[in-house]
Amino acid sequence: MAERRFAEGDFEARVRASFARQKAMETIGAKLTVVTPGVVEIEMPHAERFTQQHGFLHAGVISMALDSACGYAAYSLMPADAGVLTIEFKVNLLAPGRGERFLFRGTVTKPGRTIIVADGQAYAYDGEAKLIATMTGTMMSVVGRRGIEG
């Protein structure tokens, strides 16, 4: 099957196509809702199967979704022939993950040719938005490496 190449300006199509291949996001029921240059939002509903022993959304799920939001925010600014990999991140869990639905926003803080820094916020919605976690991540643009294409 021939690989589809996107025009440099067609960042949204590249981000959406890559996200659609992420089985982890599919598993947690996450949907890509906003894609703009340097900003991505992912939403997911509450699902009991992703909670920890107290009924809160598990920190691993929060971290995974924030990583994807930050990674795709970075990817939206990368060349059409690049792939994105996370090389480091730190998560601060600020409040229990309790809500009917969740929003994960990634925003590029410092764009670069090879290394991009992005910040993320996770919100729980239960009538009103509550900030439950933040992330700072370092993403790498990878070009010409087999198996790491858009």
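Here's a quick rundown of the structure. Note that this is a predicted model, so its numbers are computed, not measured.

What follows deals with the sheet that holds strand β6 (residues 129-143). The antiparallel open sheet is built from 6 strands, whose spatial order is β1-β2-β4-β5-β6-β3. Two strands close off the open sheet at either side, each with one partner strand: β1 (31-36) and β3 (82-93). Neighbour to neighbour, the strand axes of the sheet diverge by 20 degrees on average, direction disregarded. Of the pairings in the sheet, the one linking β3 to β6 comprises 11 bridges and is antiparallel in character. Its bridge partner being in β6, Phe 89 is matched across the sheet by Gly 137.

A few words now on the pattern of salt bridges. Inspection of the entire model under this criterion finds 4 salt bridges. Between Lys 23 and Glu 26 there is a salt bridge, with its nearest N and O atoms 3.6 Å apart. With Lys 23 and Glu 26 both in helix α2 (residues 23-27), this residue pair falls 3 residues apart, about one helical turn. The exposed category is assigned to Glu 26, whose relative accessible area is 52%.

Our next topic: the pairing of strand β5 (residues 115-125). The sheet contact formed by strand β4 (residues 101-110) and β5 spans 9 bridges and is antiparallel. Each bridged residue has a counterpart across the sheet, and for Arg 105 the counterpart in β5 is Gln 121. With 11 bridges connecting them, β5 and β6 associate as antiparallel partners. Residue pairing in the sheet places Ala 118 in a bridge with Gly 137 of β6. Taken together, β5 and the strand that follows it, β6, pair antiparallel across an intervening segment of 3 residues, in which Gly 127 is found at a positive phi of about 95 degrees.

Reading the values: rules and limits
Residues numbered from 1 in each chain as written. Predicted model: local features only at pLDDT ≥ 70, side-chain atom pairs only at ≥ 80, totals over all residues. Heavy atoms only, no water. Pairing = 2+ DSSP bridges. Helix = DSSP H or I, 4+ residues; strand = E, 2+ residues; numbered from the N terminus. Axes fitted to C-alpha atoms, helices over the stretch in contact; angles between N-to-C directions. Salt bridge = Lys/Arg side-chain N within 4 Å of Asp/Glu carboxyl O. Buried < 20%, exposed > 50% of the residue type's maximum accessible area, 1.4 Å probe, protein only.

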